[in-house]
Amino acid sequence: MRFGLCCLFKEEKIAFRTTTAKVLSTLPRGEQLKKLSTICHNNSESLVRALHTVQRLGIGAFRIMSPLFPRMTHPEVGYTLGNLPDAETIGNLLAEARSFAHTHDIRLSFHPDQFVVLSSPRPEVIANSIRELEYQAWLAEEVGANIINLHAGGVYGDKSSALQRFCEVFADLPENIRSRLTLENDDVSYTVSDLLPVCEKLAIPLVYDVHHHRCNPDGLSVEEATELAGATWHRRGREQYCHLSSPKSGWGGGDPKPHADYIHPEDLPDFWRDRAMTVDIEAKAKELAVIRLMTTFHHAR
């Protein structure tokens, strides 16, 4: 089992910068691009440092923050790498990240924001979502990531129709997006049972989030859901990917959906312990939570 860190660090001195369209809109285009180039250069350097850090800590996967290149798809202040003054240096840093991750077998993924929805009945939402996915697929190619993980989106009053729209939109996506897309069960609307038929139909792997499954059960046991989700990966010769978190207020009090700072060891399914799989740790304490769980896990073995 390899454990994964999601995007950011708690104590390690690695920071990613961002900006807003409002701030950029106050600048002339040339100044916009200079500012964006500086930010993207910083973030590309930080990505390389992040990968060196997770390798040093023994962490085997890293989720790259979606806005690594902030506002790239914005209709008014958007840009391409070629627009940036530091394009060549930034491209070299992305290649360095790709090479390091490959050499050290660090699995890389993206998890687009909630506004990326392929099941929406609104054409403008679909168009914006596809534009964002095109950016993330381009960036995934640059850094060697092979997973762009999505939720199915809203129900919109009819779950079957929403999933049918997802299938129709998926069929028209570029191959560099389709080959990377995965679907994840969520804690409100779409269960493992809901998504498995779509994953089978479209040959999309299912990322199994056990915390979401516990919040939004569907009659499947953790063991059954793990095996069924795992099959969607194994049939394509790929290592299974899962997510793990613990409830901030515990399972007996309050809303179980918000994530805790650390993972309670009992929330790691016993059934997972001897499986070859990747498990992203979604916890507020970031790398500290991953390290604590890895220590507990290895001691238990």
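The structure reproduced in this document is the subject of the present report. (Residues numbered from 1 in each chain as written. Predicted model: local features only at pLDDT ≥ 70, side-chain atom pairs only at ≥ 80, totals over all residues. Heavy atoms only, no water.)

### What about the overall build of the protein?
Turning to step 1, where the next piece is worked out: A tally of helices and strands in the protein yields 10 helices and eight strands.
Turning to step 2, where the next piece is worked out: Relative to the compact-globule value of 19 Å for 301 residues, the protein shows a C-alpha radius of gyration of 19 Å, a close match.
Turning to step 3, where the next piece is worked out: Taken over the C-alpha atoms alone, the protein extends approximately 55 × 45 × 40 Å along its principal axes.
Turning to step 4, where the next piece is worked out: Relative to its 301 residues, the protein shows a buried fraction of 53%.
Turning to step 5, where the next piece is worked out: Summarising the internal contacts of the protein: among those between residues at least 6 apart in sequence, 75% fall at separations of at least 24.
Turning to step 6, where the next piece is worked out: For the protein, the computed accessible surface area is about 13200 Å², with 50% contributed by carbon and sulfur atoms.
Turning to step 7, where the next piece is worked out: The positive charge centre, built from 33 side chains, and the negative charge centre, built from 39, are 4 Å apart in the protein. (Helix = DSSP H or I, 4+ residues; strand = E, 2+ residues; numbered from the N terminus. Rg over C-alpha atoms; globule rule 2.2 N^0.38 Å. Buried < 20%, exposed > 50% of the residue type's maximum accessible area, 1.4 Å probe, protein only. Contact = heavy atoms within 4.5 Å. Areas by Shrake-Rupley, 256 points an atom, 1.4 Å probe, with all protein chains shown as cover. Lys, Arg positive; Asp, Glu negative; His and termini not counted. Charge placed at Lys NZ, Arg CZ, Asp CG, Glu CD.)

### Some words on the layout of surface pockets
Turning to step 1, where the next piece is worked out: What the largest pocket holds in volume is close to 680 Å³.
Turning to step 2, where the next piece is worked out: What lines the largest pocket is a set of 30 residues, among which Arg-63, His-111, Pro-112, Gln-114 and Glu-282 lie closest to the centre.
Turning to step 3, where the next piece is worked out: Within the lining of the largest pocket, the residues separate by chemical class into 12 nonpolar, nine polar and nine charged.
Turning to step 4, where the next piece is worked out: Of the volumes computed, that of the second largest pocket is approximately 300 Å³.
Turning to step 5, where the next piece is worked out: Around the second largest pocket, the lining comprises 15 residues; the ones closest to its centre are Arg-71, Thr-73, His-74, Phe-115 and Glu-132.
Turning to step 6, where the next piece is worked out: Grouping the amino acids of the lining of the second largest pocket by side-chain chemistry returns seven nonpolar, four polar and four charged. (1 Å grid on protein atoms, 1.4 Å probe; cavity = no way out; pocket = protein on both sides within 12 Å on 5 of 7 lines; lining within 4 Å. Points joined across faces, edges and corners; volume = space filled by probe spheres on them. Nonpolar A, V, L, I, M, F, W, Y, C, P; charged D, E, K, R; others polar.)

### Some thoughts on empty space enclosed by the protein
Turning to step 1, where the next piece is worked out: Evaluation of the coordinates by the stated rule reveals one cavity of 30 Å³ or more.
Turning to step 2, where the next piece is worked out: Estimated volume of the largest cavity: approximately 40 Å³.
Turning to step 3, where the next piece is worked out: Lining the largest cavity are Arg-63, Ser-109, Phe-110, His-111, Ile-147, Asn-149, Val-207, Tyr-241, His-243 and Asp-280.
Turning to step 4, where the next piece is worked out: Among the secondary structure elements, those contributing two or more residues to the lining of the largest cavity are strand 3 (107-110) and strand 7 (240-244).

### Focus: the pairing of strand 5 (residues 181-184)
Turning to step 1, where the next piece is worked out: Burial along strand 5 is two-sided: the residues Leu-181 and Leu-183 and Thr-182 and Glu-184 are all buried.
Turning to step 2, where the next piece is worked out: Summarising the sheet, strand 4 (residues 148-151) and strand 5 pair through four bridges and their orientation is parallel. Residue Asn-149 lies in a different strand from strand 5, and its bridge partner there is Thr-182. (Pairing = 2+ DSSP bridges.)

### So, the packing of aromatic side chains
Turning to step 1, where the next piece is worked out: Tallied over the full model, the rule gives six aromatic pairs.
Turning to step 2, where the next piece is worked out: Ring geometry for Tyr-208 against Trp-272: centres 6.2 Å apart, planes inclined by 70 degrees, an arrangement best described as edge-to-face. Remark: Trp-272 occurs in the loop between strand 7 and strand 8 (277-281) and Tyr-208 occurs in strand 6 (residues 206-209); sequence separation between them is 64 residues. Across the pair, exposure class does not vary: Tyr-208 and Trp-272 are buried alike. (Phe/Tyr/Trp six-rings, centres within 6.5 Å; stacked < 30°, edge-to-face > 60°.)

### Overview of the environment of Met-277
Turning to step 1, where the next piece is worked out: Structurally, Met-277 is set in strand 8.
Turning to step 2, where the next piece is worked out: Taking the C-alpha atoms as reference, Met-277 lies 13 Å from Leu-206; in sequence the two are 71 residues apart.
Turning to step 3, where the next piece is worked out: In contact with Met-277, not counting residues within four places along its chain, are Met-1, Arg-2, Glu-239, Gln-240, Cys-242 and Trp-272.

### Focus on the pattern of salt bridges
Pairs may arise between side chains of opposite charge once their charged atoms sit close together.
Turning to step 1, where the next piece is worked out: All chains considered together, the criterion is met by 16 salt bridges.
Turning to step 2, where the next piece is worked out: The salt bridge involving Glu-141 is made with Arg-180; its shortest N-O contact spans 3.9 Å. Taken together, the residues Glu-141 in helix 4 (residues 123-143) and Arg-180 in the loop between helix 6 (175-178) and strand 5 connect sequence positions 39 residues apart.
Turning to step 3, where the next piece is worked out: Residue classification places Arg-180 among the buried positions, given a relative accessible area of 13%.
Turning to step 4, where the next piece is worked out: Salt bridges here are not isolated pairs; linked through shared partners, they connect Arg-2, Asp-105, Arg-107 and Glu-239. (Salt bridge = Lys/Arg side-chain N within 4 Å of Asp/Glu carboxyl O.)

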